[in-house]
Amino acid sequence: MQLPAAPGALAPSLLAIPVAFGINGAAALADPLALMLTGLLVSAGLFSIIFFVSGGSHFQDPLFCVFVVFSFTSIVDLIISLEEDGFISGFVEVYVREGEPYLRTAHGIMICYWDGIVHYGLYLAMMVAIGQRRSYRNLGLFWLGSLMMSIVVFLLGNLIGKYSSDLSPAFLLNLPYILIPIWAGVRLFQQPRALPCLSPEKVAEEQRKCLYQRPQDLGLILLLLLIAAFTFFRGMVVLDCPADSCFEYIYQHEPYLRDPVAYPKVQMLIYMFYVLPFFCLCIYGLVLPGCSWLPDWSLVFAGAVAQAQFSHVGSSLHSRTPFPYQTPEDVWWSFLLTNVLYALGPQLLALRCLRCPAFFLPATSASLHGGKKHQ
């Protein structure tokens, strides 16, 4: 039996609700090793369900299997976040207490919300696209950046933060979230890119424009320069820069950066050493034409920064964060404004690359496309 694309994509993920309830009710699974083995068995059962509901047809694209399994875990993460915030109870208490207690932190709750809402929506959209033989490359690149940022910060924070002594075998269940997205990312970048219907003359005309003739790009460059400066500043703050401005900022504006859970410090260091160089490359790509790599990588970093900022802002304000590390009420508006603008910059860049890609097309691709059009 083969289900249509939408119900077939939705059905396996909803099994997470009874599975989570059943595991929580089994007292024998209170052992961390038993929890890890149970997670592996559930994953194996999911692959069997995938084959049943798809009739094997979707195995032509192995990413379909990945999205189904990850959509299941997204529902589990949504259950975790809702239970930790007190909206529901009796579903994952045993797993969180015995397997992954760091999910009870503000950061753990926020990444579970993001995974259970944003990632879940992306999984459903991509699975439906696969079922209808449509391209999902752009959605996949946004998801790739979002998931990689989430799991890297989460794992490193657990390894070096105050929960490093509480790691159990269930922690190993997070390793596939590193390995599988790397493999999935390779496949996504190998998928053919949809080229716009633009003549070589139109591309050449767009690429001849100076920066002052492209006010949107000029505005983006100014915004990226501000974001890059803020990225460097916060990186210096978490590196214990002795400057008075850094001392004042970490104690009066973002005390969450001092939280011993280490997630915010890891986040700021990733921003400084990986995202900051990308912002500089983006400025280069907006000044000089023909940087064909920018549209794809802008989507990856848009997803990464969106996830990171959601988790960082939410954790800074969440009640699970100890009071000395919560954002003071008198700086809420400035804190929200700076962090929302920080998250908005990469999204505007990705939108600009998708809507007006002519400036980033290499001349050879434009010529080939125009030649095929005139044949």
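In this text the structure is predicted, and so the values were computed from the model without any measurement.

### Focus: the side chain of Q267
Tracing the chain through its elements places Q267 in helix α12 (residues 263-287). Sequence-distant contacts of Q267, that is, excluding residues within four places in its chain, are made with M149, V153 and A308.

### A few points about the pattern of salt bridges
Scanning all chains against the criterion turns up nine salt bridges. The partner of D296 in a salt bridge is R193, with the nearest N and O atoms 2.8 Å apart. Taken as a pair, D296 in helix α13 (residues 294-317) and R193 in the loop between α8 (176-190) and α9 (200-208) lie far apart in primary sequence, 103 residues in all. Residue D296 is classed as buried on the basis of its relative accessible area, which comes to 5%. One salt bridge in this structure joins R234 and E254, with 2.9 Å as the shortest N-O distance. Taken together, the positions of R234 in helix α10 (residues 215-238) and E254 in the loop between α11 (244-252) and α12 put the pair 20 residues apart, joining distant regions of the chain. The two residues R234 and E254 agree in class, both being buried.

### Section: the confidence of the model for the protein chain
Looking at the protein chain, the pLDDT average stands at 87 and 85% of residues meet or exceed 70. In the model, residues 366-375 has pLDDT below 50 throughout and makes nine contacts with residues more than four positions away in sequence or in other chains.

### Details of the nonpolar core
In this structure, F67 and W143 are the most contacted members of the largest nonpolar core, which totals 89 residues. The contact partners of W143, leaving out residues within four places of it in the chain, are F67, F70, H119, L122, Y123, M126, A184 and L188.

### Notes on helix α7 (residues 137-160)
For α7, built from 24 residues, the straight-helix expectation of 34 Å at 1.5 Å per residue is met to within 8% by its first-to-last C-alpha distance of 35 Å. Counting buried residues in α7 gives 17 out of 24 residues, a clear majority hidden from the surface.

### As for the packing of α7 against α13
Packing of α7 against α13 brings their axes to within 7 Å, and their N-to-C directions diverge by 45°. Relative to α13, the element α7 lies oblique. Crossing handedness for the pair α7 and α13: right-handed. Touching R137, N138, L141, F142, G145, S146, M149 and S150 of α7 are D296, L299, V300, A302, G303, A304, A306, Q307 and A308, all from α13. A breakdown of the residues in the contact of α7 with α13 according to their chemical character gives nine nonpolar, six polar and two charged.

### Regarding the packing of α12 against α13
When two helices pack together, you describe them by how their axes are tilted relative to each other and by the distance separating the axes. Where α12 contacts α13, the two axes come as close as 11 Å, and the packing angle between them is 150°. Taken together, the axes of α12 and α13 lie roughly antiparallel to each other. The two elements α12 and α13 cross, and the hand of that crossing is left-handed. Taking contact as the criterion, the partners of P264, Q267, M268, Y271, Y274, V275, F278, C282 and G285 in α12 are, on α13, L294, W297, S298, F301, V305, A308, Q309 and H312.

### Section: the packing of aromatic side chains
The description of an aromatic ring pair rests on the distance of the ring centres and on the angle between the ring planes. For the structure on display, the rule yields 20 aromatic pairs. Where F233 meets Y249, the ring centres are 5.3 Å apart and the plane angle is 80°; that geometry is what we call edge-to-face. Note that F233 is positioned in helix α10 and Y249 in helix α11, a separation of 16 residues in sequence. Exposure remark for Y249: the relative accessible area of 12% places this residue in the buried category.

Rules behind the numbers
Within any chain, residue numbers begin from 1 and follow the written order of that chain's sequence. At least 70 in pLDDT is required for a residue's local features to be given in this predicted model, at least 80 for side-chain atom pairs to be given and counted, and no such filter applies to totals for whole chains, interfaces and linings, which use all residues. The side-chain figures draw on all heavy atoms in the structure; neither hydrogens nor water molecules are used. Secondary structure is summarised from DSSP: a helix means a run of H or I of at least four residues, a strand means a run of E of at least two, and numbering begins at the N terminus for each. By definition, residues are in contact when any of their heavy atoms lie within 4.5 Å. The term salt bridge refers to a pairing of a side-chain nitrogen on Lys or Arg with a carboxyl oxygen on Asp or Glu at a separation within 4 Å. Residue burial is assigned from relative accessible area. The probe radius is 1.4 Å, only protein chains are included, and a residue is buried under 20% of its type maximum, exposed over 50%, and partly exposed in between. For every residue, the pLDDT score states the predictor's confidence, bounded by 0 at the bottom and 100 at the top. Here, nonpolar core refers to any group of buried Ala, Val, Leu, Ile, Met, Phe, Trp, Tyr and Cys residues whose side-chain atoms link them within 4.5 Å. By this rule the span expected of a helix is its residue count minus one, scaled by 1.5 Å. The angle between two axes is taken between their N-to-C directions and runs from 0 to 180 degrees, where each axis is a line fitted to C-alpha atoms and a helix contributes only its stretch in contact. For this classification, under 35 degrees means roughly parallel, over 145 means roughly antiparallel, 65 to 115 means roughly perpendicular, and everything else is oblique. Note on convention: the crossing is left-handed when the near helix lies turned anticlockwise from the far helix by less than a right angle, right-handed when the turn is clockwise. The residue classification treats Ala, Val, Leu, Ile, Met, Phe, Trp, Tyr, Cys and Pro as nonpolar and Asp, Glu, Lys and Arg as charged. All others, Gly included, are polar. Centres within 6.5 Å are what make two rings of Phe, Tyr or Trp a pair, Trp counting through its six-membered ring; a difference in plane orientation under 30 degrees is then read as stacked, over 60 as edge-to-face, and the rest as tilted.

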